[in-house]
Amino acid sequence: MSDLERLAPALLPHRSATVRPIDWAALQAALGVALPADYREFADRYPPLWIDGVMILRVPEPGDESTFVSGVFSISEEMDSLAEDDMTEDYTFYPAEGGLICWGATDTSDYFFWRNNGPDPDRWPAVVYSGNGHWWEHEGGFLSLLVGLIDGTVAHRGLPPQPGPNPTVALAVRAPDSQE
């Protein structure tokens, strides 16, 4: 995660000083799979964020993990309609065996997934669907793909040019007002 924070210092004001109390056991029970360690490390410190005003990183909110789970299934249903039209290059969507699990999107209808291709989530590749119909895989996973898109070592095939170097970062949801 240090590479991402070095390349995107605008993340740092959003970093929690303590581990966010996400109930990973409840998420695993609801999804039937654990999520990759690099993603859990990110979500333990960061809320849902917009990167360069284009890419949203979906992470569970402590105490509202069910919304994240609902989102996984909702996006899977949406993508199933593409599969019915033979537009998914034989990818399937979670909860199907080997199905894709969404972790991000852009404001131009691009989606970012993991391909649940085995029992070790840390070996799941990232899969990108660009709104113009291109599908591609990145073997490095969540953080590796983000770092590569930002530093230019991963081509933005079919994606907007953002995120790029030194991206802007904003909260994807408004934090509740404190009444203390």
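Before reading on, note that the structure itself is shown above.
Heads up: these notes are all about the structure in this document.

Calculation rules
- Residues numbered from 1 in each chain as written.
- Predicted model: local features only at pLDDT ≥ 70, side-chain atom pairs only at ≥ 80, totals over all residues.
- Heavy atoms only, no water.
- Phe/Tyr/Trp six-rings, centres within 6.5 Å; stacked < 30°, edge-to-face > 60°.
- Helix = DSSP H or I, 4+ residues; strand = E, 2+ residues; numbered from the N terminus.
- Buried < 20%, exposed > 50% of the residue type's maximum accessible area, 1.4 Å probe, protein only.
- Expected span 1.5 Å × (residues − 1).
- Contact = heavy atoms within 4.5 Å.
- Salt bridge = Lys/Arg side-chain N within 4 Å of Asp/Glu carboxyl O.

## Description of the packing of aromatic side chains
Phase 1: Scanning the entire structure with this criterion turns up 17 aromatic pairs.
Phase 2: Where F93 meets W135, the ring centres are 6.2 Å apart and the plane angle is 50°; that geometry is what we call tilted. Residue F93 is found in the loop between α4 (65-84) and β3 (100-106), and its partner W135 is found in strand β6 (residues 135-138); the two are separated by 42 residues along the sequence. Each member of the pair, F93 as well as W135, is classed as buried.
Phase 3: Through a chain of ring-to-ring contacts, three or more aromatic side chains come together here, namely W24, Y39, F42, Y46, F68, W103, F112, W114, W124 and F142.

## Thoughts on α4
Phase 1: Between its terminal C-alpha atoms α4 stretches 29 Å, which fits the 28 Å expected from 20 residues at 1.5 Å a residue.
Phase 2: Residues of α4 that are buried sit in contact with α2 (24-31), α3 (37-45), β3, β4 (111-115), β5 (126-129) and β6.
Phase 3: Among the residues trailing α4, D86 stands out with phi positive, at a value near 55°.

## Quick word on unusual backbone geometry
Phase 1: The omega torsion of the bond from Y94 to P95 falls at 20°, within 30 degrees of zero and hence cis.
Phase 2: Its location among the elements puts P95 in the loop between α4 and β3.
Phase 3: P163 follows Q162 through a cis peptide bond whose omega is 0°.
Phase 4: Structurally, P163 can be placed in the loop between α5 (142-151) and β7 (169-171).

## A few points about the pattern of salt bridges
Phase 1: Across all of its chains, the model carries 4 salt bridges by this definition.
Phase 2: With its nearest N and O atoms 3.5 Å apart, the salt bridge here joins R6 to D3. Separated by 3 residues within a single helix, R6 and D3 lie in helix α1 (residues 2-7), roughly one turn from each other.
Phase 3: Overall, the relative accessible area of 41% leaves D3 in the partly exposed class.
Phase 4: Residues R115 and E137 are paired through a salt bridge, measuring 2.8 Å at the closest nitrogen-oxygen approach. Here R115 is found in strand β4, whereas its partner E137 is found in strand β6, with 22 residues between them in sequence.
Phase 5: Given the relative accessible area of 22%, R115 is considered partly exposed.

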